[in-house]
Amino acid sequence: MRSFSKVQMGVGAVALAATAALAVPWYAGLTLRAELRSLAATHAEGNFRIARLEHEAGWLHSRGSLDLEWRSDCAADPDQPAVVHVEYTARHVPDRESLTRIDWSAAVTSDLGPSGEGLRAGRLSGTGSAGDDGVLRSDMRLPEMQFKGKGQSLVAAASSGTLVVGGSAVKLGWNMPRMVLRGSGEVLQAEQLNLHFDVQNHATGLGALALDLQLAFLLDRQRADRMDMRLTQSVKELRAADMAVEDVVLRADVTNLYAPSVNSAGEVLSATCGLRSLTPGQREKMRDAVQALLVSGVSVGITKLQARTRDGSLDADVALTVAPAKARELQLAEQLSSQ
C-alpha cells in the first residue's frame, strides 16, 4: 500500500513538473503580448508612435510586426512621419537568461524625399531576449550603407551594436569599422567609429532628444533639480588628403545644469523649431530660462581631447565654471572662472 502511494506521489510529481514545463512557454507568450500592447498604448500619440501592431500568439512561437513612426512639427509636411517597419519572431523556450528569444528586422518604408533618392541600405536586424525583469536586450547588425547625391557619396561599412531597454532607461553601443565620404575632389575616411548612449530616463530632460543624430552621443544624468551631460566621441583613424590623425578622443562635460531652466528652454526650442520664430512671450521665457541657469551656476569643459599624428600628439583639457550667484543676482564678472 505504501509503495503504491509512493508511485502515486511520483507520478503526481512528474505530472506537476510536466504541467509547469508546458505552462512556462504559454506564460512567456502571454507576457510578451501584454508588454507589446502596453508599449503600443503608451506611445499611441505624440511625435514618436508605435502603430499597426499585429501579434500572432502561439504556444512555443509567436510572430508579428509593428511600425515605428517619428513626426516633427518642423518638417515640411508634419503629417507625413518617418516610418520604420519592424518584423519579429519569438521563441518561448525559457533558459537561464530569459523567458523569450526574439529575432527581428527593420527597414525604412516611408518616402525619404529628394535627400534619400540615392540611399541604398539593407535591413537592420538583431537577436534579443526578454526576461521576467522586463528588460529587453538585443544585438544589432546593419549591412553596408551607401548614399549618392549632389556630387557627394558616402559609404559606411557593415556595422554592429547592442541595445538594452528597461523601463525608461536606454543603453546603446555601436561600432562602425569604416566610413568614407567623397565630394568636391576630396576624400575623408574615418575608421573605428564608436558610439555609446546611456540615458536613465528618455522621457525627461534632454533624453527626449535622443533620436536626433546630432545628440546621439549624449549621456544624461539628473538628480533633484540638477542635470549632468557628457558627450564622448572616438575615432581610431581619420584620413583626409595626406593628413592622418589616429586615436582621436573627445569628451565634453556639462555639469550642474539647473534642470527647470533646461526644460523651459527646450520647450521654447521645440515650439519654435530651433528659434525660427519667437513670440514676445517665448522670447521672455527663453531669456528667463537662460538667466536662471546662469544664476544657479554651471560648469562646462572639454575634459579630454587626445589625438596622434605622424609629427606628434595632443593631450588637452579646458574648463569654464560659472559659480552660483550671490543673493541670486547675476554677476558674471564675479561668477566666472576658467582652467
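Right above here is the structure, for reference.
In this report, the structure presented in the accompanying data block is examined.

Rules and cut-offs
- Throughout this document, residue positions are counted from 1 along each chain, in the order its sequence is written.
- Local features in a predicted model are, by the rule used here, given only for residues with pLDDT of at least 70; side-chain atom pairs are given and counted only at 80 or more, and totals for whole chains, interfaces and linings are based on all residues.
- The basis for every side-chain value is the complete set of heavy atoms in the structure, and neither hydrogens nor water enter the calculation.
- We define a salt bridge as a contact between a side-chain nitrogen of Lys or Arg and a carboxyl oxygen of Asp or Glu at a distance within 4 Å.
- Buried means the residue's accessible area, taken with a 1.4 Å probe over protein chains only, is under 20% of the maximum for its type, while exposed means over 50%, and partly exposed covers the values in between.
- Residues belong to a common nonpolar core when they are buried Ala, Val, Leu, Ile, Met, Phe, Trp, Tyr or Cys residues joined through side-chain atoms within 4.5 Å.
- By definition, any uninterrupted DSSP run of H or I lasting at least four residues is a helix, any uninterrupted run of E lasting at least two residues is a strand, and each is numbered from the N terminus.
- Whether two residues are in contact is decided by their heavy atoms, any of which lying within 4.5 Å being enough.
- Expected span of a helix: the number of residues minus one, times 1.5 Å.

Here we take up the pattern of salt bridges. Under the definition given, this model contains eight salt bridges. The partner of Glu69 in a salt bridge is Arg71, and the shortest N-O contact between them spans 2.7 Å. Owing to a relative accessible area of 5%, Glu69 belongs among the buried residues under this scheme. For Asp139, the salt bridge is made with Arg141, and the minimal N-O distance between the two is 3.1 Å.

Turning our eyes to something else, we now look at the nonpolar core. Soluble globular proteins: nonpolar side chains tend toward being buried together. The biggest cluster of nonpolar side chains holds 20 residues, and the ones touching the most others in it are Leu66, Leu68, Val86, Tyr88, Ile102 and Trp104. Only helix H1 (2-42), strand E2 (61-70), strand E3 (82-91), strand E4 (100-108), strand E7 (135-142), strand E11 (169-183) and strand E12 (186-199) provide two or more residues apiece to this core. For this core, the element with the most residues is E3, which contributes four residues. Not counting chain neighbours up to four residues away, the residues in contact with Leu66 comprise Ile50, Ala51, Arg52, Leu53, Val84, His85, Val86 and Tyr88.

Taking 1.5 Å of rise per residue, the 13 residues of helix H2 (residues 259-271) would be expected to cover 18 Å, and the 18 Å separating its terminal C-alpha atoms lies within 8% of that figure. Among the residues making up H2, those that are buried are Ala259, Ser261, Val262, Ser264, Ala265 and Val268.

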